[in-house]
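# A look at the structure
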Amino acid sequence: MQSWHGLDEVPGDWGRSVVTIGVFDGVHLGHQRLVGRAVGLARELGLPAVAVTFDPHPDEVVRPGSHPPLLTGLRRRIELLASLGVDAVCVLRFTLELSRMSPDEFVQTALVDRLHAAHVVVGENFRFGHKAAGDVETLRTLGEKYDFAAEGVPLVSNGVAISSTLIRERVAAGDVAGAAAALGRPHRVEGVVVRGHQRGRALLGFPTANVESPPHTAIPADGVYAGWLECTQRPSPYEGERWPAAISIGTNPTFEGRERTVEAYALDRDDLDLYGAHVAVDFAERLRDTLRFESIEALIAQMREDVEQVRRLIT
């Protein structure tokens, strides 16, 4: 699978292709249906399939300060698109200049001159061009002008409309099971393991990985969750290892904390040294709210109960 960051990286001898376009945040079940249609059509036509996505999120450029929480970072988004069978992912840097292109300018610059689109597949609510002036019908009309076909696909799964906005709302509410149902996999938070107060190891007996995630990451609501902790760093002695985990999100109110953290305890592993490693935290179920305990002993007792509940749910 090829990955291009900008149209200038598209090979000069690139031939005709089937193109699908979208932000694809989350690469959820609706996106998967859309990309699947593009890939299937590409195979029928004997052409490569290209997914065009954007970075940063267009909202931040068009309406600065409105950047939505991201369900997937760019690297993860590219990985997920590749897993769906596309032959190339083209990342377009979303700039004010790009946002001010007319629908015709965007089509000619991206789809015709560089990607040589034979067929374009988008979501049925797709909008493009300056002030979102273009829609699927505009794309079909431009296709007649520039010799490509275009179609809009409903972003649905089992008859239910799926959107990144809906999933973000579920994540923000702590409904990680609902988010997973729409994503087709657990919601994931990635980041680097940093040193915290180290209470988990020294005081509580449950050493946790304190995960520092990139800005604009979609973090679930405060609470305790069942899920998994995976080391994704290359190279690392733990690379590719994945452990059932009890996950805590919040400010540690028992200790009068103020900083919101994501901490994951890998069940039965007190030997892990993950500081500096890049990890992924996948969320399966929400267990309870974040609570303030009157004593450390009460907190430890609850943590033991949380761990056993995680063990029953996912091991």
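Residues numbered from 1 in each chain as written. Predicted model: local features only at pLDDT ≥ 70, side-chain atom pairs only at ≥ 80, totals over all residues. Heavy atoms only, no water.

Per an unreviewed UniProt entry, the protein chain carries the name Riboflavin biosynthesis protein and comes from Thermobispora bispora. UniProt lists a comment for the protein chain under the heading Sequence similarities (unreviewed entry), and it reads "Belongs to the ribF family." Listed under Function (unreviewed entry) in UniProt, the entry text for the protein chain is "Catalyzes the phosphorylation of riboflavin to FMN followed by the adenylation of FMN to FAD." (UniProt positions renumbered as here; feature names shortened; annotations may be inferred.)

One ladder, built from 5 bridges, connects strand β5 (residues 117-123) with strand β6 (residues 149-153); its direction is parallel. Across the sheet, the residue bridging to G123 is V153, located in β6. A crossover links β5 with its parallel partner β6, the connecting element being helix α6 (residues 136-146), and its sense is right-handed. (Pairing = 2+ DSSP bridges. Helix = DSSP H or I, 4+ residues; strand = E, 2+ residues; numbered from the N terminus. Right-handed = clockwise from strand over helix to strand, strands pointing away.)

In this model, the protein chain carries an average pLDDT of 91, and 94% of its residues clear a pLDDT of 70 or more. Between the elements of the protein chain, mean pLDDT differs from a low of 53, seen in helix α9 (residues 199-204), to a high of 98, seen in strand β2 (residues 17-21). (pLDDT = per-residue confidence, 0-100.)

Bring the parts together and some accessible area is lost; that lost area is often taken as the interface size. Split into domains, the protein chain comes out as domain 1 (2-153) and domain 2 (187-314). With centres defined by C-alpha atoms, the gap from domain 1 to domain 2 works out at 36 Å. Carbon and sulfur atoms supply 45% of the area that domain 1 and domain 2 bury against each other, a total of about 640 Å² over both sides. Our count for the contact surface shared by domain 1 and domain 2 stands at 1 salt bridge. Across the pair E190 and R75 runs a salt bridge whose closest N-O atoms are separated by 2.6 Å. Across the contact surface, domain 1 and domain 2 share 3 residue pairs in polar contact (both at pLDDT 80 or more). The class makeup of the residues in the side of domain 1 that touches domain 2 is 4 nonpolar, 1 polar and 2 charged. (Domains from an automatic or database assignment. Buried area = accessible area lost by both parts, 1.4 Å probe. Salt bridge = Lys/Arg side-chain N within 4 Å of Asp/Glu carboxyl O. Polar contact = N/O pair within 3.5 Å; in protein donor to acceptor, adjacent residues only side chain to side chain. Nonpolar A, V, L, I, M, F, W, Y, C, P; charged D, E, K, R; others polar.)

Quick look at the sheet that holds strand β10 (residues 209-212) now. Taken together, the 6 strands give a closed barrel; going around it, the order is β9-β10-β13-β12-β11-β14, and neighbouring strands pair in antiparallel fashion. On average, each strand axis in the sheet is inclined to that of its neighbour by 45°, with strand direction left out of account. Pairing of strand β9 (residues 187-194) with β10, which is carried by 3 bridges, proceeds in the antiparallel orientation. Each residue of the ladder has a partner; that of V194, found in β10, is N210. (Axes fitted to C-alpha atoms, helices over the stretch in contact; angles between N-to-C directions.)

Under the definition given, this model contains 20 salt bridges. Measuring nitrogen to oxygen at the nearest pair gives 3.9 Å for the salt bridge that ties E79 to R76. Placement of both E79 and R76 in helix α3 (residues 74-83) is noted, with a separation of 3 residues, approximately one turn of the helix. E79 sits in the partly exposed class, given a relative accessible area of 32%. A salt bridge links R269 to D271; the nearest nitrogen and oxygen atoms lie 2.8 Å apart. Exposure remark for D271: the relative accessible area of 46% places this residue in the partly exposed category. (Buried < 20%, exposed > 50% of the residue type's maximum accessible area, 1.4 Å probe, protein only.)

To continue, consider the nonpolar core. Core analysis: the biggest nonpolar cluster contains 33 residues, and I21, V50, V52, F106, V107, L111 and L139 have the highest contact counts within it. For this core, the secondary-structure elements that each account for two or more residues are β2, β3 (49-55), β4 (88-93), α5 (103-112), β5 and α6. With 5 residues, the top contributor of residues to this core is α5. Beyond its immediate chain neighbours, meaning those up to four positions away, F106 contacts I21, F54, L92, L98, M101, L111 and F128. Residues V176, A221, A266 and L274 belong to the second largest nonpolar core, which totals 24 residues. (Core = buried A, V, L, I, M, F, W, Y, C linked by side-chain atoms within 4.5 Å. Contact = heavy atoms within 4.5 Å.)

Let us now look at the packing of aromatic side chains. For the structure shown, the criterion picks out 6 aromatic pairs. Relative to W14, the ring of W4 lies with its centre 4.9 Å away and its plane at 85°, an arrangement referred to as edge-to-face. Linking W4 in strand β1 (residues 2-5) with W14 in the loop between β1 and β2, this pair joins segments that are 10 residues apart in sequence. Take W4: its relative accessible area is 3%, and that puts it in the buried class. Seen from their ring centres, Y238 and W243 are 6.1 Å apart, and the 75° between their planes marks the pair as edge-to-face. On the basis of relative accessibility, which here comes to 15%, the residue Y238 falls in the buried class. Among the aromatic residues, those joined into a ring-pair cluster are F106, F126 and F128. One Lys or Arg, R195, reaches over the ring of Y275 and ends 3.8 Å from the middle of that ring. (Phe/Tyr/Trp six-rings, centres within 6.5 Å; stacked < 30°, edge-to-face > 60°. Lys NZ or Arg CZ within 6 Å of the ring centre and 35° of its normal.)

Strand order in the open sheet made by the 6 strands is β1-β4-β3-β2-β5-β6, with parallel pairing throughout. Every interior strand has two partners, whereas the edge strands, β1 and β6, have only one. Taken over all neighbouring pairs, the strand axes of this sheet differ in orientation by 20° on average, direction set aside. In the packing of α3 onto the sheet, the strands contacted are β1, β3 and β4, and the crossing angle to β3 comes to about 165°. Those strands touched by α6 are β5 and β6, and its axis lies near 165° from that of β6.

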